[in-house]
Amino acid sequence: MSTYPNAVATAAVAAPAAPACAEPLPVLGRDVTVPLVTGGEVTYAALDYAASAPALQRVWDDVAAYAPYYGSVHRGAGYLSQLSTDLFEQSRATVAEFLDCRPADQVVFTRSTTDSLNLLAAVLPAGCQVFVFETEHHASLLPWGDAQVTYLNAPRTPAQAVETLERALAERDPYGPALVCVTGASNVTGELWPVKELAAAAHAHGARIVLDAAQLAPHHPVSVQELDVDWVAFSGHKLYAPFGSGVLAGRADWLQQAEPYLAGGGASRKVARRADGGVDVEWHTTAARHEAGSPNVIGVYSIASACKALTEAGFDGLVARERHLIAKVRAGLAQVPAVRILSLFGDDAPRVGVISFVVDGWNSSHFAAALSAEYGIGVRDGLFCAHPLVRTLLGSEPQAQGECGAPEAAPGERSLNAIRVSFGAGTPDEHVDRFVRAVRELVANGAKWQYRTEEGRCVPVS
């Protein structure tokens with residue numbers, strides 16, 4: 001089916017004119033006000049994009065236009081099912097174009113980056129060796145199950161990252177399969193990694209590479225062909241699209257040769273009883289092989305809508321604006337001697353809008369709580385599900401334990417955690433300006449309110 005009802009066509013096909021590069025893109029929640037413990041209300045400054053970015057207004061409008069026409073996909077004969085199937089598969093094509101995939105690549109829809117990398121882990125050939133830096137998010141660090149995993153120490157320069165990987169790969173069994181997993185942009189420091197050079201090193205040693213683009217895709221264009229990666233994974237909820245969908249895109253062979261990630265309807269092409277009472281199954285060889293069950297059509301469509309919106313807005317302008325915001329935040333924090341910004345590659349390293357820091361004399365949970373309760377600013381504190389990296393950056397013992405959230409520490413007590421501020425295409429200058437002012441005031445004058453620890457998190461005393 002190739003014809004949309006008028007309401008869907010308006011949102012899905014007739015894209016609005018790209019906004020001026022100097023302006024933030026419209027996002028949901030930009031006018032939401034929140035109460036302050038000190039009295040009154042203020043417009044909420046959402047500076048936790050690295051966890052979940054607010055949905056683009058364009059995405060929400062597209063989904064709202066489609067919602068009345070929602071139907072089951074692939075197995076329905078009715079008009080709405082046919083329309084939804086068409087929309088679902090067109091979304092797959094849109095994502096493939098957004099990622100500049102190779103003609104033979106498959107785009108598999110998942111729940112998230114974590115789900116995508118667990119899917120890839122599930123289809124690894126027997127005896128596969130996996131190489132992963134300790135700097136990775138847990139989604140990249142942990143899913144490899146029974147594979148032989150080599151954890152690489154944190155590099156201090158991009159060149160050192162390539163050298164470290166090359167040394168490790170040179171020592172591996174040259175005849176068995178191998179996979180390198182690397183982030184495109186750190187969810188802790190925001191620093192960009194030398195993905196193209198790492199891919200070249202992997203391929204030179206007969207290994208494949210998967211790119212965790214969860215923090216890269218919302219900020220920079222990602223080209224599978226230019227970077228020469230074998231797979232790329234990302235999440236919709238970081239790409240300004242809600243509803244819990246993700247993507248694994250790349251080479252089809254390992255995906256086709258493995259058992260389905262989930263067994264069930266949609267993954268199976270034919271199922272028949274045998275004479276002995278058993279069941280024979282013929283699985284799909286397309287992306288459907290790993291998409292069993294009723295797919296998240298609205299989530300998938302929201303990812304495609306976000307891909308279109310970012311492409312039409314133009315990454316050149318989005319990147320330029322984000323660099324402007326990064327410079328503002330880093331310059332503002334540099335004027336506060338008590339603040340230490342965390343970095344692997346140094347101040348001059350290219351980065352996306354993710355900055356983590358610690359403040360001398362402050363428990364990180366206390367500081368984040370004060371930013372929220374007294375200034376209406378939402379940031380994140382903790383270890384950001386990247387425990388080894390944060391521990392390395394803070395200079396603690398590598399084996400030290402921690403939680404993704406706040407520590408069990410009271411206000412004023414030192415914690416082995418950090419504060420993260422993150423922003424993107426929908427962030428106005430006022431939000432980062434307010435953040436910088438708030439940091440200065442809290443460091444200079446202290447919190448205006450009393451706080452206590454409740455279930456491991458610092459909260460204002462009511």
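Quick summary incoming for the structure in this document. (Residues numbered from 1 in each chain as written. Predicted model: local features only at pLDDT ≥ 70, side-chain atom pairs only at ≥ 80, totals over all residues. Heavy atoms only, no water.)

1. Regarding the overall build of the chain
Now for step 1: A tally of helices and strands in the chain yields 14 helices and 19 strands.
Now for step 2: Compactness check: the chain gives a C-alpha radius of gyration of 23 Å against a globular reference of 23 Å for 462 residues, within 12% of the reference.
Now for step 3: By principal-axis analysis of the C-alpha atoms, the chain measures approximately 80 × 60 × 45 Å.
Now for step 4: Counting across all 462 residues of the chain, residues that qualify as buried make up 56%. (Helix = DSSP H or I, 4+ residues; strand = E, 2+ residues; numbered from the N terminus. Rg over C-alpha atoms; globule rule 2.2 N^0.38 Å. Buried < 20%, exposed > 50% of the residue type's maximum accessible area, 1.4 Å probe, protein only.)

2. Notes on the packing of helix α2 (residues 57-66) against helix α10 (residues 297-313)
Now for step 1: Relative to each other, α2 and α10 sit at 140°, their axes nearing to 9 Å. In terms of their interaxial angle, α2 and α10 are classed as oblique. By crossing handedness, the relation of α2 to α10 is classed as right-handed. Facing α2, whose interface residues are Arg-58, Val-59, Asp-62, Val-63 and Tyr-66, α10 presents Val-297, Ile-298, Tyr-301, Ser-302, Ser-305, Ala-306, Lys-308, Ala-309 and Glu-312.
Now for step 2: Residue composition of the contact of α2 with α10, by class: eight nonpolar, two polar and four charged. (Axes fitted to C-alpha atoms, helices over the stretch in contact; angles between N-to-C directions. Parallel < 35°, antiparallel > 145°, perpendicular 65-115°, else oblique. Left-handed = near helix turned anticlockwise from the far one by under 90°. Contact = heavy atoms within 4.5 Å. Nonpolar A, V, L, I, M, F, W, Y, C, P; charged D, E, K, R; others polar.)

3. Comments concerning α2
Now for step 1: Among the residues of α2, Arg-58, Val-59, Asp-62, Val-63, Ala-65 and Tyr-66 are the ones counted as buried. Taken end-on, α2 shows its buried residues confined to a sector of 160°, consistent with a single buried face. (Arc of directions from axis to C-beta.)

4. Side note on the side chain of His-290
Now for step 1: Among the secondary structure elements, His-290 is positioned in the loop between β12 (279-283) and α10.
Now for step 2: Within the local environment of His-290, its side chain forms a polar contact with the backbone nitrogen of Tyr-261, the two atoms lying 3.0 Å apart.
Now for step 3: Setting aside chain neighbours within four positions, we find His-290 in contact with Val-108, Leu-119, Val-123, Leu-255, Ala-258, Glu-259, Pro-260 and Tyr-261. (Polar contact = N/O pair within 3.5 Å; in protein donor to acceptor, adjacent residues only side chain to side chain.)

5. Focus on the packing of aromatic side chains
Now for step 1: Counted under the stated rule, the structure contains 11 aromatic pairs.
Now for step 2: A centroid spacing of 6.0 Å and a plane angle of 70° characterise the contact between Tyr-49 and Tyr-240, whose relative ring orientation is edge-to-face. Of the two residues, Tyr-49 sits in the loop between β3 (45-46) and α2 while Tyr-240 sits in the loop between β9 (231-235) and β10 (246-250), which places them 191 residues apart along the sequence.
Now for step 3: The buried category is assigned to Tyr-240, whose relative accessible area is 1%.
Now for step 4: Ring centres of Trp-193 and Phe-345 lie 5.4 Å apart, and the angle between their planes is 55°; this geometry places the pair in the tilted category. (Phe/Tyr/Trp six-rings, centres within 6.5 Å; stacked < 30°, edge-to-face > 60°.)

6. Concerning helix α7 (residues 195-204)
Now for step 1: Listed as buried for α7 are Val-195, Leu-198, Ala-199, Ala-201 and Ala-202. The buried residues of α7 occupy an angular sector of 160° when the element is viewed end-on, so they sit on one face.
Now for step 2: Just downstream of α7, Gly-206 is the residue with a positive phi angle, here 75°.

7. Concerning the pairing of strand β4 (residues 106-110)
Now for step 1: In terms of burial, β4 is a largely internal element, five of the five residues being buried.
Now for step 2: Where β4 and β10 come together, five bridges link them in antiparallel fashion. Bridging across to β10, Val-108 finds its partner in Leu-248. (Pairing = 2+ DSSP bridges.)

8. Quick look at the nonpolar core
As a rule of thumb, nonpolar side chains are buried together in soluble globular proteins.
Now for step 1: One finds Val-95, Leu-99, Leu-165, Leu-211, Val-222, Phe-234 and Val-247 to be the most contacted residues of the largest nonpolar core, which totals 85 residues.
Now for step 2: No other element matches the 10 residues that α10 contributes to this core.
Now for step 3: Listed in part, the 33 residues of the second largest apolar core include Leu-47, Ala-368, Leu-371 and Tyr-375. (Core = buried A, V, L, I, M, F, W, Y, C linked by side-chain atoms within 4.5 Å.)

9. Notes on the environment of Val-297
Now for step 1: When you line up the elements, Val-297 lands in helix α10.
Now for step 2: Residue classification places Val-297 among the buried positions, given a relative accessible area of 3%.
Now for step 3: Between the C-alpha atoms of Val-297 and Val-210, which are 87 residues apart in sequence, the distance is 25 Å.
Now for step 4: If near-sequence neighbours (up to four positions away) are discounted, Val-297 is found in contact with Tyr-66, Tyr-70, Gly-71, Val-73, Ser-84 and Phe-88.

10. Overview of the pattern of salt bridges
Now for step 1: Applying the stated rule across the entire model yields 19 salt bridges.
Now for step 2: Among the ionic pairs, Arg-208 bridges to Asp-253, the shortest N-O distance being 2.6 Å. Placement of Arg-208 in strand β8 (residues 208-212) and of Asp-253 in helix α9 (residues 253-257) is noted, with a sequence separation of 45 residues between them.
Now for step 3: According to the relative accessible area criterion, Arg-208 is buried, its value standing at 12%.
Now for step 4: Here Asp-253 and Arg-251 are joined by a salt bridge, their closest N and O atoms 3.5 Å apart.
Now for step 5: Taking the relative accessible area as the measure of exposure, Arg-251 reaches 30% and is therefore partly exposed.
Now for step 6: It is possible to trace a salt-bridge network through shared partners that takes in Arg-208, Asp-230, Arg-251 and Asp-253. (Salt bridge = Lys/Arg side-chain N within 4 Å of Asp/Glu carboxyl O.)

These results come straight from atomic positions and should not be treated as a statement about function.
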